[in-house]
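Summary of the model geometry
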Amino acid sequence: MNNVEVPIDSPYYKASVFLTLGTGVIIIILTIVLFIHIMLVVLGKEKRRFYFDEASDLYTTRKK
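This one's a predicted model, so the numbers in the text were calculated from it and none came from an experiment. (Residues numbered from 1 in each chain as written. Predicted model: local features only at pLDDT ≥ 70, side-chain atom pairs only at ≥ 80, totals over all residues. Heavy atoms only, no water.)

1. So, the overall build of the protein
Keep this limit in mind: Under the scheme used here, helices are H or I runs from DSSP no shorter than 4 residues and strands are E runs no shorter than 2 residues, and both carry numbers assigned from the N terminus. Buried means the residue's accessible area, taken with a 1.4 Å probe over protein chains only, is under 20% of the maximum for its type, while exposed means over 50%, and partly exposed covers the values in between. Computed by Shrake-Rupley with a 1.4 Å probe, the accessible areas treat only the displayed protein chains as cover when residues are assessed.
In terms of regular secondary structure, the protein is built from two helices and zero strands. Taken over 64 residues, the protein has a buried fraction of 6%. For the protein, the exposed surface amounts to about 6,500 Å²; the carbon and sulfur share of it is 66%.

Below you can see the structure in the form of structure tokens.
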């Protein structure tokens, strides 16, 4: 999206600005949610798994 140059006097300029800002906000929100999830799994005392491990039904095992 950043490589598309839309002149200011174009009727699509507002849409371009909203799409660029919307994409940036979505990326920031997803990054924050992923960071919080990782912190909950790593620092949590519970036996929580990462989302992708839970979705693929993987479990961690330890060798004795």
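There is more to say, and it comes next.
2. Structural notes on the UniProt feature "transmembrane region" (unreviewed entry) in the protein
Selection criterion: UniProt positions are given in the numbering used here, feature names are shortened, and annotations may be inferred rather than shown by experiment.
When the UniProt feature table is mapped to this numbering, "transmembrane region" (unreviewed entry) covers residues 17-43. Its end C-alpha atoms 39 Å apart, residues 17-43 is made of 100% helix and 0% strand.

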